[in-house]
Amino acid sequence: MGRNLAHAPKANVMFGALLHAADRLRQGEELTELEELLLGSLRGALGDEEVRRGAGSGSR
C-alpha cells in the first residue's frame, strides 16, 4: 500500500482527508458531507466504534 500511495499524490490527499474525518468522528464533531462520504465505506466495514478507536490509537 505504501508504494501505491507514494506514486499517487491525489490518493495521499484523500487518505489524509479520510484520517482527518475519522479523528473528527472520534472527537464527536459534526462531519461535513465530504467527510461522511469518505467514511461511508470504512464505517460500513468496521463500524463507528472501530473507526473512532482507530483514529485515536496513534498506530501507524
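Q: So what's going on with the side chain of Arg24? Which residues, and what values?
A: Inspection of the secondary structure puts Arg24 in helix H2 (residues 9-26). For Arg24, a relative accessible area of 16% gives the class buried. A polar contact of 2.6 Å, which involves the side chain of Arg24, links it to the side chain of Glu29.

Q: Give a detailed account of the packing of H2 against helix H3 (residues 33-46), specifying residues and quantitative values.
A: At a minimum axis distance of 9 Å, the contact between H2 and H3 shows a crossing angle of 85 degrees. Of the possible angle classes, the one that applies to H2 and H3 is roughly perpendicular. Along its contact with H2, which presents Met14, Ala17, Leu18, His20, Ala21, Ala22, Arg24 and Leu25, the element H3 presents Glu35, Leu38, Leu39, Leu42 and Arg43. Tallied by class, the residues present in the contact of H2 with H3 amount to 9 nonpolar, 1 polar and 3 charged.

The rules behind each value
Residues numbered from 1 in each chain as written. Predicted model: local features only at pLDDT ≥ 70, side-chain atom pairs only at ≥ 80, totals over all residues. Heavy atoms only, no water. Helix = DSSP H or I, 4+ residues; strand = E, 2+ residues; numbered from the N terminus. Buried < 20%, exposed > 50% of the residue type's maximum accessible area, 1.4 Å probe, protein only. Polar contact = N/O pair within 3.5 Å; in protein donor to acceptor, adjacent residues only side chain to side chain. Axes fitted to C-alpha atoms, helices over the stretch in contact; angles between N-to-C directions. Parallel < 35°, antiparallel > 145°, perpendicular 65-115°, else oblique. Contact = heavy atoms within 4.5 Å. Nonpolar A, V, L, I, M, F, W, Y, C, P; charged D, E, K, R; others polar.

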